[in-house]
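A look at the structure
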Amino acid sequence: MESKNVLVTGASRGIGRAAAFRFAKGGYHVFLNCCTSVDELNEVRRGIEEVYQGSCEVVCGDVGNPKDVASMFEQIYRSCGCLDVLVNNAGISHIGLLMDMGDDDWRKVIDTNLSSVFYCCRKAIPPMISRQSGKIINISSMWGTSGASCEVAYSASKAGVNGLTKALAKELAPSNIQVNAIACGVIDTKMNMQLSEEERKTLENEIPAGRYGTAEEIAQVAWDLAHAPGYLTGQVIGVDGGYL
Ligand code: NDP
């Protein structure tokens, strides 16, 4: 039987890396994307090939740049006719007061976290419609629901992802394509490495589960959504240890 195909953006570390491994373990051919950390991405490729005897391909590019996304999808469609699953995971954070934020930093957060989802969906959808099947999973944040002080651009980008998810789910439901988002809580990845040990302890005390989530837990939810009944669509599912 032909293997299924998934694209995971931002797969060189953290949640994307864990999702790439989870889908490879499940027998998918995995298209692995990142922008700059190509050595780390090649480590993920080697891990998939050597540990899971899985198949994968590296498709580098800046998902916040529509030209890069067009080239990435040219490469993907030379290798397969259609993605079964698209995991829009690549993202960056920006911490600081809004009044101190420059135009370039604002644009970079919105391009990387929100416009990227538009660019990748736009390319992934047409073959999915022809085939009348597909799953789109957007990695969002609880801050997109509640808003975070000193992370206004980030919160706005993730609120945008949530709105895009709900609207696109309605647009694609008649074509049997499901679109859902995972609103992650605090997950133990490089994105949170800038916190001191003391800040980390304080934060952990605010989380009802008493700990950060793991990238593997989010990867498992992404896997579950990719294999959920077709009636599950348009949802923003909180995975935050009970924080919100
Ligand atoms: P990491 O910083 O660990 O990993 C981010 C990944 O995204 C890297 O592979 C990075 O690769 C890639 N990336 C960044 N910018 C681009 C770009 N322009 N084009 C392609 N790839 C890019 O972050 P996490 O794993 O923690 O985050 C993954 C997702 O989860 C993000 O969308 C984030 O907002 C979300 N999230 C994370 C939370 C957390 O607490 N960690 C909480 C809520 C949501 P490279 O550096 O090579 O570009």
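See the structure shown above.
Quick summary incoming for the structure in this document. Remember, predicted model here, so these are calculated numbers, not experimental data. (Residues numbered from 1 in each chain as written. Predicted model: local features only at pLDDT ≥ 70, side-chain atom pairs only at ≥ 80, totals over all residues. Heavy atoms only, no water.)

**Notes on the sheet that holds strand β3 (residues 55–58)**
What holds strands together in a sheet is hydrogen bonding between their backbones, with the strands either parallel or antiparallel. Pairing in this open sheet of 7 strands is parallel, and the strands run β3-β2-β1-β4-β5-β6-β7 from one edge to the other. Two strands bound the open sheet, and with one partner strand each, they are β3 and β7 (236–239). Direction aside, neighbouring strands of the sheet carry axes that sit 20° apart on average. Packing of helix α6 (residues 152–172) onto the sheet brings it into contact with β5 (134–141), β6 (177–184) and β7, and relative to β5 it is tilted by some 160°. (Pairing = 2+ DSSP bridges. Helix = DSSP H or I, 4+ residues; strand = E, 2+ residues; numbered from the N terminus. Axes fitted to C-alpha atoms, helices over the stretch in contact; angles between N-to-C directions. Contact = heavy atoms within 4.5 Å.)

**Concerning the pattern of salt bridges**
Taken as a whole and judged by the stated rule, the model has 10 salt bridges. The shortest N-O distance in the salt bridge between Arg 46 and Glu 43 comes to 2.7 Å. Of the two residues, Arg 46 and Glu 43 both sit in helix α2 (residues 38–51), 3 residues apart, roughly one turn of that helix. Classification of Arg 46 by relative accessible area gives partly exposed; the value is 32%. Put simply, Glu 204 and Lys 201 hold a salt bridge, and the shortest N to O gap is 3.6 Å. Pair noted here: Glu 204 and Lys 201 are both in helix α7 (residues 197–206), with a separation of 3 residues, about one helical turn. Using a relative accessible area of 46% as the deciding quantity, one classes Lys 201 as partly exposed. (Salt bridge = Lys/Arg side-chain N within 4 Å of Asp/Glu carboxyl O. Buried < 20%, exposed > 50% of the residue type's maximum accessible area, 1.4 Å probe, protein only.)

**Things to note about the packing of helix α4 (residues 103–131) against α6**
Direction vectors running N to C along α4 and α6 enclose 15°, while the axes themselves pass 8 Å from each other. Regarding the angle of α4 to α6, the classification is roughly parallel. In this structure, the crossing between α4 and α6 has a hand that is right-handed. Packed against α4, whose contacting residues are Trp 106, Val 109, Ile 110, Asn 113, Leu 114, Val 117, Phe 118, Cys 121, Ile 125 and Ile 129, the element α6 presents Ala 153, Tyr 154, Ala 156, Ser 157, Lys 158, Gly 160, Val 161, Leu 164, Leu 168 and Leu 172 at the interface. Along the lines of polarity and charge, the residues of the contact of α4 with α6 split into 16 nonpolar, 3 polar and 1 charged. (Parallel < 35°, antiparallel > 145°, perpendicular 65-115°, else oblique. Left-handed = near helix turned anticlockwise from the far one by under 90°. Nonpolar A, V, L, I, M, F, W, Y, C, P; charged D, E, K, R; others polar.)

**Describing empty space enclosed by the protein**
Evaluation of the coordinates by the stated rule reveals 1 cavity of 30 Å³ or more. In this structure, the largest cavity occupies an estimated 30 Å³ of space. Lining the largest cavity we find Asn 88, Asn 89, Ala 90, Asn 113, Val 117, Ile 139, Lys 158 and Val 161. When residues of the lining of the largest cavity are traced back to their parent elements, those giving at least two are α4 and α6. Looking at the lining of the largest cavity residue by residue, the classes come out as 4 nonpolar, 3 polar and 1 charged. (1 Å grid on protein atoms, 1.4 Å probe; cavity = no way out; pocket = protein on both sides within 12 Å on 5 of 7 lines; lining within 4 Å. Points joined across faces, edges and corners; volume = space filled by probe spheres on them.)

**Observations concerning the site of the ligand**
Taken together, 32 residues surround the ligand, and among them Ser 12, Ser 37, Asn 89, Tyr 154 and Thr 189 come closest. One of the backbone N or O atoms of Thr 36 is found 2.8 Å from an oxygen atom in the ligand. At a separation of 2.8 Å, an oxygen atom of the ligand approaches a polar backbone atom of Ile 187. Considered on its own, the ligand offers 880 Å² of accessible surface; in the complex 94% of this is hidden by protein. The dominant element in the shell around the ligand, judged by the number of residues it contributes, is β5, at 3 residues. In terms of residue class, the shell around the ligand is made up of 13 nonpolar, 15 polar and 4 charged. (Near = heavy atom within 4 Å. Polar contact = N/O pair within 3.5 Å; in protein donor to acceptor, adjacent residues only side chain to side chain. Areas by Shrake-Rupley, 256 points an atom, 1.4 Å probe, with all protein chains shown as cover.)

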